[in-house]
Amino acid sequence: MIELLVATLVLDFQRDQILGDPAEIEAAFEKACAAEQPVACAASSWRGAAKPLEAAGQAVAALCQQDDAIACLVGGWAVTDAGKPEIGRELFQRACDGGIQRGCVDLGGLYHHGAGGDSEPALALELYRRACAADDARACRRIGLVYQTGAGVPVDIDRALEYYTRSCDAGYPGGCNSLALMSHLAAGVPRDEPRAAELYQAACDAGMIPACGNLARLYEEGSEAIRDMTKAAALFEKGCEFGNAASCVKAGYTYEGGQGVAMDRERAERAYVAGCAAGELVGCSQLGLMYLSSGRAEDAAKQFADTCDKKVGGACLYLAGQYAEGNGVAVDLVTAHEFYGRSCDLGVPEGCRTTADNYKKGVGVDRDKAMATQLYFRACSLGDEPS
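Here the structure is a predicted model, which is why all the values come from computation and not from measurement.

## Brief notes about the overall build of the chain
- Secondary structure summary: the chain contains 22 helices and zero strands in total.
- Its C-alpha atoms give the chain principal-axis dimensions of about 75 × 50 × 45 Å.
- Long-range contacts, defined here as pairs at least 24 residues apart, represent 45% of the contacts in the chain between residues at least 6 apart.
- Taken as a whole, the chain presents about 18200 Å² of accessible surface, with 50% of it coming from carbon and sulfur.
- Within the chain, one finds 36 positive and 54 negative side-chain charges whose respective centroids are separated by 4 Å.

## Observations regarding unusual backbone geometry
- Phi is positive for Asp67, which is not a glycine, with a value near 70 degrees.
- Residue position: Asp67 is located in the loop between helix H4 (52-65) and helix H5 (69-81).
- Residue classification places Asp67 among the exposed residues on the basis of a relative accessible area of 62%.

## Brief notes about the side chain of Ser247
- With respect to the secondary-structure elements, Ser247 resides in helix H15 (residues 245-257).
- With relative accessibility at 2%, the residue Ser247 sits in the buried group.
- The contact partners of Ser247, leaving out residues within four places of it in the chain, are Gly213, Phe236, Gly239 and Cys240.

## Description of the packing of aromatic side chains
- Under the criterion given, the structure shown has seven aromatic pairs.
- Taking 5.5 Å as the distance between ring centres and 35 degrees as the angle between the ring planes, the aromatic pair formed by Phe13 and Trp46 counts as tilted. In this pair, Phe13 sits in the loop between helix H1 (2-12) and helix H2 (22-34) while Trp46 sits in the loop between helix H3 (38-41) and H4, placing the two residues 33 residues apart along the sequence. In this pair, the class of Phe13 matches that of Trp46, namely buried.
- Measuring from ring centre to ring centre gives 6.0 Å for Tyr253 and Tyr272, while their planes differ by 75 degrees; the resulting arrangement is edge-to-face.

## What to know about the packing of helix H10 (residues 157-169) against helix H11 (residues 173-185)
- Remark: H10 packs on H11, axes separated minimally by 7 Å, with the N-to-C direction vectors making an angle of 140 degrees. Classified by the interaxial angle, the pair formed by H10 and H11 is oblique. Here the hand of the crossing between H10 and H11 comes out left-handed. Residues Ile157, Leu161, Tyr164, Thr165, Ser167 and Cys168 of H10 pack against Gly175, Cys176, Ser178, Leu179 and Met182 of H11.
- Of the residues that constitute the contact of H10 with H11, the class distribution is seven nonpolar, four polar and no charged.

## Points about H1
- Here H1 has its buried residues at Leu5, Val6, Thr8, Leu9, Val10 and Asp12.
- Here the buried face of H1 lies against H2, H3, H5 and helix H7 (101-113).
- Once H1 finishes, Gln14 follows within two positions and takes phi at roughly 50 degrees, a positive value.

## Quick word on the state of the cysteines
- By the definition in use, this model includes ten disulfides.
- What pairs with Cys204 in a disulfide is Cys212, and their sulfur atoms sit 2.1 Å apart. Here Cys204 and Cys212 share a disulfide; its torsion about the S-S bond, 100 degrees, makes the bridge right-handed.
- With a relative accessible area of 1%, Cys204 lands in the buried category.
- Paired through a disulfide, Cys276 and Cys284 show a sulfur-sulfur distance of 2.1 Å. For the disulfide bridge between Cys276 and Cys284, the dihedral angle about the S-S bond is near 95 degrees, and by the sign convention the bridge is right-handed. Comparing Cys276 with Cys284 shows no difference in burial state: the two are buried.

## So, the nonpolar core
- Judged by nonpolar contacts, the single largest core of 83 residues is most densely connected at Leu9, Val39, Trp46, Val74 and Trp77.
- When residues in this core are grouped by element, the largest group, nine residues, is from H5.
- Apart from residues lying up to four places away in sequence, Trp46 is in contact with Leu9, Asp12, Phe13, Phe29, Val39, Pro52, Ala55, Ala56 and Val60.

## Section: helix H16 (residues 265-277)
- Look at H16: 18 Å from first C-alpha to last across 13 residues, which is about the 18 Å you get at 1.5 Å a residue.
- Of the residues making up H16, those classed as buried are Ala268, Ala271, Tyr272, Gly275 and Cys276. Looking straight down H16, one finds that the buried residues subtend no more than 130 degrees of arc, so they occupy a single side. Exposed and facing more than 90 degrees away from the buried side of H16 are Glu266, Arg270 and Ala277.
- Looking at the packing, one finds that the buried side of H16 touches H15, helix H17 (281-293) and helix H18 (297-309).
- Capping the start of H16 is the job of one residue whose side-chain oxygen sits 3.2 Å from the backbone nitrogen of Glu266: Asp264.

Calculation rules
Residues numbered from 1 in each chain as written. Predicted model: local features only at pLDDT ≥ 70, side-chain atom pairs only at ≥ 80, totals over all residues. Heavy atoms only, no water. Helix = DSSP H or I, 4+ residues; strand = E, 2+ residues; numbered from the N terminus. Contact = heavy atoms within 4.5 Å. Areas by Shrake-Rupley, 256 points an atom, 1.4 Å probe, with all protein chains shown as cover. Lys, Arg positive; Asp, Glu negative; His and termini not counted. Charge placed at Lys NZ, Arg CZ, Asp CG, Glu CD. Buried < 20%, exposed > 50% of the residue type's maximum accessible area, 1.4 Å probe, protein only. Phe/Tyr/Trp six-rings, centres within 6.5 Å; stacked < 30°, edge-to-face > 60°. Axes fitted to C-alpha atoms, helices over the stretch in contact; angles between N-to-C directions. Parallel < 35°, antiparallel > 145°, perpendicular 65-115°, else oblique. Left-handed = near helix turned anticlockwise from the far one by under 90°. Nonpolar A, V, L, I, M, F, W, Y, C, P; charged D, E, K, R; others polar. Disulfide = S-S within 2.5 Å. Core = buried A, V, L, I, M, F, W, Y, C linked by side-chain atoms within 4.5 Å. Expected span 1.5 Å × (residues − 1). Arc of directions from axis to C-beta. Polar contact = N/O pair within 3.5 Å; in protein donor to acceptor, adjacent residues only side chain to side chain.

Everything listed is a geometric property; what it means functionally is a separate question.
Structural data, given as C-alpha cells:
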C-alpha cells in the first residue's frame, strides 16, 4: 500500500512529468485512506486547490512531525519547489530514513545538483544505488544519467545503457525516454531512429509528456525515411493538451503553416495563447506576429509590449518597428529608438544596427557618431552582416 500511495502522489503532482488518469488517482487515494494512510486521507485538502503542492505541504506538515515518512516526502517536494532546497534535504532525508525510496532518490537529486548545499555526486550515486537495488526504477534511470554524463564518475556509455534498460524494462517511462534519446541523437551509440520511435512511443503512451514531444521532433526533423509531419502535428497537439508549453508553440507553427494538417489560423492562435500562458515566451512573440500579419496591429503592439517586458528581444524589435511606422500605435521615433535599444541590449543584432543607424542619422535621438560606431561593432559581433 505504501508503494501504491507514493506512486499515486508522484502522478498527482506530476513529479516525473507523467500524466495519470484523474479517476484512477482519486480511487487510489480512497483505497489508501481506507487502509489508514493519513496522507491519502488528507488528499481532499489539496486536490482542486489553485496551488496543490503548496496546499499539500501545509496539510501534511504535522504528519511529518509525527514521523510519517510519506508526509515528509510530500513536504520535501513542496519546500524544494518553493525555493528552499536546504529544507528539502532535511525532509527527504527523513523520508529516506523512513524507508521511502523515492525520498532517497530525490535527496540524491539535490546532492547531485548541489541544490540546498554542496554538490556531492558520490553521495548522490550511493543514494541512487540503494534505491535502484530496492527496485526503484527511477533511481536506476538516474544512475544511467550519472554514467552518461560523467557526474562524479568516468563516462561509461555501456553502464548508462545498462541502467536505462533496467529502468525501462521495469516499466518506468523515463528510462525508455532516455534510451530513445541515445538512439535518436546517436549519443554514444549508433543512430537508430526506428528504435528511438518505438521507445518514445512506449513512454508517450505511458503518459510521459517529454517523450511525446521528443517523438514529435523525431517525426519532424528525422531522416527522410521516418519523417512524418502528420504524425508530428498530432503529437504536438497532444503534448499541448497535456500542458507542455513548447508543444503548444510547435502546434501553433503546424496550424499556421499547414504542416501536416490543414492550415487553421484560429487553432494556431489558440495554441500560441496556450504556450504563452504556460510560460513559453516564443509563443508570446509568435502570437504578436500572428496578430500583426492578420491586420490586428493594436493587439500586436500590446502583445509585443508585454513580451518585451519579459526580456524577449525579438518582441522589443517588432514593437520598435510599429512605433517607427505608426502601425497600431502613433508614430513615435523616440519610443521606437528606445525599443530598438532594448532589443540590442537583449542580443538582437538588427536592434543594434538600427540603434546605430538612429545615432548616425539623428532619428529619435541626438546624433552621436562614436555611439553609432560602437553599436555597429556590437551588431557585427552578434553576426549582423550589414554592419
